[in-house]
Amino acid sequence: MRSRSRLPALCALACAWLAGRALTLWLLSRDGRAPLGVGGVAREVHALYARWYETLATGAFPAGDPLWQYPPGAGAVLAAPGLLPGLTYFRAFVLLALAADAAVAVALARAGTRTGRSLRGAALWTGALPLLLHIPLARYDVQVTALAVFSLLTLERFPRTGGAFAALGALVKVWPALALLGAPPGRVTRRSWGAAAVTAGGLLAAATVLFRDPFDFLRQQGGRGVQIESLGGTVLAFAHRAGLPVRVDYRYGAMEFTGPYVPGVATASLALTAGAFAALLLWRLRARRFGAATPYDAALAAVLLFTVTSRVISPQYLVWLLGLAAVCLTSRHTGQRAPAALVTAAAAVSSLAYPLLYEDVMACTWTGCLLMVARNGLLVAAAALALRRLWRSTAGERLPARPRPPASARAFPDARRHHQETQNGVK
């Protein structure tokens, strides 16, 4: 009966998903043309992912390539499009991205139809992802987000499965490991964390045996600078406008700042990331109350903190945050509704910064600077609010319970009124 009553809402979600993805496919077909900004969003798939696939097909990871900065699991995601027969690499990549997008929408909708759950999560994913225009179809972050979403949605009932999904995601882009941060202590934590460790260890061993140079990506991470869209990059953009000797260059596959002040900003970003890790560790140690929504809320808060403190905030990072915010909204007990709204607003602003007005961002014009202040300000506000609400709901002080009136006061109105007056100090 409950599923039947929600059938119109599910049909509306399906129609909205089809309409939104048709729009993103149309935008992808016009990639690089006005008014979609400079360059081509899909160029990375054509020129970079396809080249990496050719290397992976030989049984080796792209060793010595400064643009290869991803764990070994990324190789499986990037090799998958080449295994689909009858399609070019680009078309197969887009098809798999759409399939992952649809799988997330179905998983969120299915979770939302359970007792005590909500379809708001599926609605957020369906309606908010097109705010990023066609970027989700030209990056593999939807696939990574799908693994994190599956991990969170299966964690409570099938902890080992949830841990395995988190490990798979971590082997592709590291951050899905944070999906297990809020696992309830005891059986769920032991089983999920244990399954994640076994899954990750087994797959890393297999990658070492089957491929050459699976860990070469570690050498490329240390050279990353401060990307122009990061929080530190926003500070440097204003420094550039003030006449300080910082400039924008293309390095490590992104537009980054270079100059004498950049190493200090990069160090500050790393320090903030360490502070975020310490805050999350302290929360985990202090948390005492784990509700049904705690794993979801903790994952969103953690990824938000690591995103805003990172030296790189690429536009596709918003795909992760939208997916986690959507998982939060499947629970009626979540405390992350306001952070989810802020993330959605940040996604809308992010598409203005890239690709629509990216020339302004690169040139550090007032328009570009103010766009980044708006986008990053929304993310910082979301991160701070998410951590505060997570802390208060799980580790904060409980309010003292109001004393119950005695049975006689509950039974007789006059006695109840006398009891209330006595408690209030009224004679």
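As shown above, the structure is provided for reference.
Each value, and the rule that gives it
- Residues numbered from 1 in each chain as written.
- Predicted model: local features only at pLDDT ≥ 70, side-chain atom pairs only at ≥ 80, totals over all residues.
- Heavy atoms only, no water.
- Helix = DSSP H or I, 4+ residues; strand = E, 2+ residues; numbered from the N terminus.
- Buried < 20%, exposed > 50% of the residue type's maximum accessible area, 1.4 Å probe, protein only.
- Contact = heavy atoms within 4.5 Å.
- Phe/Tyr/Trp six-rings, centres within 6.5 Å; stacked < 30°, edge-to-face > 60°.
- Lys NZ or Arg CZ within 6 Å of the ring centre and 35° of its normal.
- Polar contact = N/O pair within 3.5 Å; in protein donor to acceptor, adjacent residues only side chain to side chain.
- Expected span 1.5 Å × (residues − 1).
- Pairing = 2+ DSSP bridges.
- Salt bridge = Lys/Arg side-chain N within 4 Å of Asp/Glu carboxyl O.
- Patch = residues over 30% accessible without salt bridge, like charges linked within 9 Å, V, L, I, M, F, W, Y side chains within 5 Å.
- Areas by Shrake-Rupley, 256 points an atom, 1.4 Å probe, with all protein chains shown as cover.
- Lys, Arg positive; Asp, Glu negative; His and termini not counted.
- Charge placed at Lys NZ, Arg CZ, Asp CG, Glu CD.
- Core = buried A, V, L, I, M, F, W, Y, C linked by side-chain atoms within 4.5 Å.

A.B. asks: Just give me the short version of the environment of Pro72, but keep the residues and values in it.
C.D. replies: In this structure, Pro72 sits in the loop between helix H3 (43-56) and helix H4 (73-79). Relative accessible area serves as the criterion here: at 9%, Pro72 is assigned to the buried category. C-alpha separation for the pair Pro72 and Phe165, spaced 93 residues apart in sequence, amounts to 15 Å. Beyond its immediate stretch of four places on either side in the chain, Pro72 contacts Phe61, Leu171, Leu204, Ala207, Pro214, Phe215 and Phe217.

A.B. asks: Please provide a residue-by-residue account of the packing of aromatic side chains, values included.
C.D. replies: Counted under the stated rule, the structure contains 17 aromatic pairs. Look at Phe61 and Phe211: their rings are 5.2 Å apart centre to centre, the planes differ by 55 degrees, and that puts the pair in the tilted class. Placement of Phe61 in the loop between H3 and H4 and of Phe211 in the loop between helix H9 (187-210) and helix H10 (217-221) is noted, with a sequence separation of 150 residues between them. An aromatic cluster of three or more residues is present, and its members are Tyr49, Trp52, Tyr53, Phe61, Trp68, Tyr70, Tyr89, Phe93, Tyr140 and Phe211. Of note, Lys173 hangs over the ring of Tyr140, and the distance from its end group to the ring centre comes to 4.9 Å.

A.B. asks: Please provide a residue-by-residue account of the side chain of Ser151, values included.
C.D. replies: With respect to the secondary-structure elements, Ser151 resides in helix H7 (residues 141-155). A polar contact of 2.7 Å, which involves the side chain of Ser151, links it to the backbone oxygen of Gly162. If we ignore the near neighbours within four places in the chain, the residues touching Ser151 are Gly162, Phe165, Ala166, Ala179 and Leu180.

A.B. asks: Any chance you could break down helix H12 (residues 262-286) for me, citing the residues and the numbers?
C.D. replies: Since the α-helix advances by 3.6 residues per turn, residues separated by three or four positions end up pointing in the same direction. The first and last C-alpha atoms of H12 sit 36 Å apart over 25 residues, in line with the 36 Å expected at 1.5 Å per residue. Buried within H12 we find Val262, Val265, Ala266, Ser269, Ala276, Leu280, Trp283 and Arg284. Among the structural elements, H9, strand E1 (226-227), helix H11 (231-241), strand E3 (254-258), helix H13 (294-308) and helix H17 (366-394) are those in contact with the buried residues of H12.

A.B. asks: Just give me the short version of unusual backbone geometry, but keep the residues and values in it.
C.D. replies: One can expect most non-glycine residues to show negative phi and most peptide bonds to be in trans. Going from Tyr354 to Pro355, the amide bond is cis rather than trans, its omega being 10 degrees. Here Pro355 lies in helix H15 (residues 337-356). We note that Cys364 has phi near 55 degrees; this positive angle belongs to a residue other than glycine. Along the chain, Cys364 turns up in the loop between helix H16 (358-363) and H17.

A.B. asks: Residues and numbers for the pairing of E3, please.
C.D. replies: Counting buried residues along E3, five of its five residues qualify, which places the element largely inside the surrounding structure. Residues Ala254, Glu256 and Thr258 line one face of E3 and the alternating positions Met255 and Phe257 line the opposite face, and both faces are buried. Note that strand E2 (residues 247-251) and E3 share five bridges and pair antiparallel. Paired with Val248 across the strands is Phe257, a residue of E3.

A.B. asks: Before we move on, could you go through the pattern of salt bridges and cite the residues and values that matter?
C.D. replies: Tallied over the full model, the rule gives six salt bridges. One salt bridge in this structure joins Asp249 and Arg247, with 3.1 Å as the shortest N-O distance. Residue class for Asp249 comes out partly exposed when judged on its relative accessible area of 24%.

A.B. asks: Tell me about a positive patch on the surface, residues and numbers included.
C.D. replies: On the surface, a cluster of positive charge is contributed by Arg120, Arg332, Arg337, Arg388, Arg389 and Arg392. With three residues, H17 is the largest single contributor of residues to the positive patch. Relative to the assigned elements, Arg388 resides in helix H17. With relative accessibility at 48%, the residue Arg388 sits in the partly exposed group.

A.B. asks: If you had to explain the nonpolar core to someone new, which residues and values would you point to?
C.D. replies: In globular proteins that are soluble, nonpolar side chains generally tend to be buried together. Ranked by internal contacts, the top residues of the largest apolar core, which has 114 residues, are Tyr49, Leu78, Leu108, Trp125, Tyr140 and Leu304. With 13 residues, helix H5 (residues 89-112) is the largest single contributor of residues to this core. If near-sequence neighbours (up to four positions away) are discounted, Leu108 is found in contact with Gly121, Ala122, Trp125, Val149, Leu153, Ala326, Val327 and Thr330. Grouped together as the second largest cluster of nonpolar side chains are eight residues, Leu155, Leu180, Ala183 and Ala200 included.

A.B. asks: Describe the environment of Ala374, naming the residues involved and giving the relevant values.
C.D. replies: The topology assignment puts Ala374 in helix H17. Expressed as a C-alpha distance, the spacing of Ala374 and Leu203, which sit 171 residues apart in the sequence, is 41 Å.

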